[in-house]
Structures are given as C-alpha cells and as structure tokens.
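# What the coordinates show
Okay, here's what each chain looks like letter by letter:
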Amino acid sequence: MNLRKSVFSGSWYPSDKQACEDLIQQFLESGKNQSVSVANPIGGIVPHAGWFFSGSIACNVIHRLAQAASPDVVVVFGMHLHSGSPRTIMPKGEWDTPFGPIAVDTALADKLTRLYTFQLETPTRFQQDNTIELQMPFIRYFFKEARVVAMGVPPTAETLDLANSVVETARELDLRIAVIGSTDLTHYGPNYGFTTKGVGSKAVEWVRDVNDRRVIDAMTRMDPEAVIREGLSNDNACCCGAAAAAIAVGKAMGARKADKLIYATSYDKSPGDSFVGYVGMLF
C-alpha cells in the first residue's frame, strides 16, 4: 500500500526492465554527439510524451544531470494545470518503476506541506499524470540512490515563491538537490484546436521557428516569469508553471546559464496535421 503503481508503463514506455534499459541505451547512443555550453548542470527541462516520441530527449537531459551531480533528492515539477489549479504533492510513499521503487523524501515534502497548501495524494489515491511518471524510470536508472519530491504546480507567481522555498528548505535540511521541470511545447493542429497557421510544412516551421522559439528563448534567459507569460499567452508550453518553477529553483541554487540540448517535434517521427514540440534544456 506504500507503492504508487505506474499507470503508463506498458503503453507510453515499456513495463519490462530489460526493454526499458535497451531503449535507454539507444537513446544515449542517439544523443551522444549533442552538446551544451553548461558545464555542470543542476537542473533541466524535459518533455513528457510517450518514449517513442520524446523519450530520447528526456533521457539525455536526465543523464547529463546525473553525470554532473549526485543529489540526495531529485525535485520534479509537472502536471497540466491552469492558474486556478491547486498544487499537488505525494508527501510519502514510493513511485513504481521497472527498475524498482523510488522513495519520496518525506522530510523535504513534509516541510513544504507546512509552508504551502497542497492537494495531498497517496500511493493509492492520485491523479493519473504522465508528466511526472514518465521521468521516474530515467531518474531511478541514473540516480540510483536518490529520493524524489514531485509536485504539480500551476502557472502563478506563488509557484515561483514555492520554488525558492524548496531551495531554502533543502539547505535547512542539508539536502543536495537537482531539479527537473516537465513540459511539452506547442500542441498544434486540429486535434488540439490550434490551426491558425494552416497545415503542412509551413505550420511546422512556424511552430519550430516562431512559437516554440519564444518560450525556448525565455528558458534560455532563465526568465521564469516570461516562461509563464509565454505559456499562457501563446500556448507554447503545456506545463509552463512546472518549467518556470524548475528554472526558479536553478537560479536560487546559483545557475546563471541555460542551453538547449535537443529540440524536436512529433512531426519528425509521425508527420501529420497535428503535432507537438519538445525541448530538452540544461542549466
């Protein structure tokens, strides 16, 4: 009863340990020649589509983080929330992955729930959410000893206050942390009710070179307020609160530079009138 069972394994990513590891090795091979100007990253932004579409991006970001640091806790921000949504956290228990469970850091989670109001989840009562679960196998694989604190955060100014409190509280508890923000970018096409630039290659170019570029530029500047504004105004980050929170944590930890590791769209693998943008950032 202490284990939060996976919901998306066997569909969005493999349920079998060996199959997951085989895919991870393929992802690392495909990303080995990618480079960023950030020497020792402490945080990153990852996408959360099924592993077929964006797993390689998320995998390579999390792998680079693991190469740079050995944190006690990986803090993960995610969930598809609007500005009026409650914050969400599972303050105790374990997350199920094909590589074994990951424990919640109860000390950090408990302190945060005393500082901020959260909708509390349990290992048996929770919202089905891909944005966080799809990162857990990568975290368990690369950060073998780390615990996690995962939160759903809305795109609000108070989320940025929470991000700063995460860093302050971790310091009080003498915990080393790394941070991940989970968001996809523009969801374009008739499946998403967003067709203002038509269809075909010109629509893909607009998403890649204009709409997604705006929010990626805000991420690169490490401007969390601008990331939230972009997501709310231009629909170019489905979890802009999560991305902004991760950047705010990174800044509070001393990060001053961010860089894009990989950008892609689902159109690259499955061309069609509806597609989604993905980015992997490190800071």
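Structure first, text after, so check above.
The notes below deal with the structure included here.

Procedures and definitions
- Counting restarts for each chain, with residues numbered from 1 along the sequence as it is written.
- It should be noted that, the model being predicted, local features are given only for residues of pLDDT at least 70 and side-chain atom pairs only at 80 or more, the latter also being counted only at that level, while totals for whole chains, interfaces and linings use all residues.
- To get the side-chain values, take all heavy atoms of the structure and skip hydrogens and water.
- Strands are runs of DSSP state E lasting at least two residues, helices are runs of H or I lasting at least four, and both sets are numbered from the N terminus onward.
- Contacts were defined at the residue level, with two residues in contact if any of their heavy atoms lie within 4.5 Å.
- Fitting a line to C-alpha atoms yields each axis, with helices limited to the stretch in contact; the angle taken between N-to-C directions then spans 0 to 180 degrees.
- Under this scheme an angle from 65 to 115 degrees is roughly perpendicular, one under 35 degrees roughly parallel, and one over 145 degrees roughly antiparallel; angles in between are oblique.
- Polar here means any residue outside two lists: the nonpolar Ala, Val, Leu, Ile, Met, Phe, Trp, Tyr, Cys and Pro, and the charged Asp, Glu, Lys and Arg; Gly therefore counts as polar.
- Strand pairing is assigned whenever DSSP identifies at least 2 bridges connecting the two strands.
- A 1.4 Å probe that fits but cannot get out identifies a cavity on a 1 Å grid over protein atoms alone, an open set with protein on both sides within 12 Å along at least five of seven lines counts as a pocket, and a residue lines either if it has an atom within 4 Å of a point.
- Grid points are joined across faces, edges and corners, and a volume is the space filled by probe spheres set on the points.
- A 1.4 Å probe rolled over the protein chains alone gives each residue an accessible area, and that area as a share of the maximum for its type sets the label: buried under 20%, exposed over 50%, partly exposed in between.
- What the arc covers is the set of directions going from the helix axis to the C-beta atoms.

## Focus: the environment of Leu28
Relative to the helices and strands, Leu28 is located in helix α1 (residues 17-31). Each C-alpha atom of the pair Leu28 and Met281 lies 16 Å from the other, and the pair is 253 residues apart in sequence. Beyond its immediate stretch of four places on either side in the chain, Leu28 contacts Cys59, Asn60, His63 and Phe142.

## Observations concerning the packing of helix α8 (residues 224-234) against helix α9 (residues 240-252)
α9 packs onto α8 with a crossing angle of 175 degrees between their chain directions and a minimal axis gap of 8 Å. Considering their axes alone, α8 and α9 lie roughly antiparallel with respect to each other. Contacts between α8 and α9 involve Pro224, Val227, Ile228, Gly231 and Leu232 from the first element and Cys240, Ala243, Ala244, Ile247, Ala248 and Lys251 from the second. Grouping the constituent residues of the contact of α8 with α9 by class yields 9 nonpolar, 1 polar and 1 charged.

## Details of the sheet that holds strand β6 (residues 102-103)
An order of β1-β5-β6 is seen for the 3 strands of this open sheet, with the pairing classed as mixed. What marks the edges here is a single partner per strand, and that holds for β1 (3-4) and β6. Direction of pairing for β1 relative to strand β5 (residues 94-95): parallel, over a ladder of 2 bridges. The partner of Arg4 across the bridge, within β5, is Trp95.

## Some points on empty space enclosed by the protein
The full count for this structure, using the stated rule, is 2 cavities of 30 Å³ or more. There is about 60 Å³ of room inside the largest cavity. For the largest cavity, the full set of lining residues is Arg4, Met79, Thr88, Ile89, Met90, Trp95, Glu121, Asp129, Ile132, Ala150, Met151 and Gly152. Looking at the lining of the largest cavity, the elements with two or more residues in it are β4 (88-89) and β8 (147-152). Among the elements that take part in the lining of the largest cavity, β8 stands out by supplying 3 residues, more than any other. Considering only residue class, the lining of the largest cavity consists of 7 nonpolar, 2 polar and 3 charged.

## Details of helix α3 (residues 106-115)
Buried residues of α3: Leu108, Ala109 and Leu112, and no others. Each buried residue of α3 sits inside an arc of 95 degrees when the element is viewed along its axis, so together they form one side. Buried positions along α3 lie against β3 (73-78), β4, β8 and α6 (157-172).

## Description of the environment of Tyr278
Its location among the elements puts Tyr278 in strand β12 (residues 275-282). Residue classification places Tyr278 among the buried positions, given a relative accessible area of 3%. Taking the C-alpha atoms as reference points, Tyr278 and Gly250, 28 residues apart in sequence, are found 20 Å from one another. Not counting chain neighbours up to four residues away, the residues in contact with Tyr278 comprise Pro47, Ala49, Phe53, Ser54, Ile57, Asp184, Leu185, Ile262, Tyr263, Ala264, Thr265 and Ser266.

## Here we look at the pairing of β12
Most of β12 sits out of view: 8 of its 8 residues are buried. By the alternation rule, side chains of β12 split into Phe275, Gly277, Val279 and Met281 and Val276, Tyr278, Gly280 and Leu282, which are all buried. As paired strands, strand β10 (residues 187-188) and β12 are joined by 2 bridges and run antiparallel to one another. Of the residues in β12, the one forming a bridge with His187 is Val276. As judged from the 6 bridges shared by strand β11 (residues 259-265) and β12, these two strands associate in the antiparallel manner. By the bridge assignment for β12, Lys260 is matched with Met281.

Spatial relationships are all this shows, so hold off on functional conclusions.
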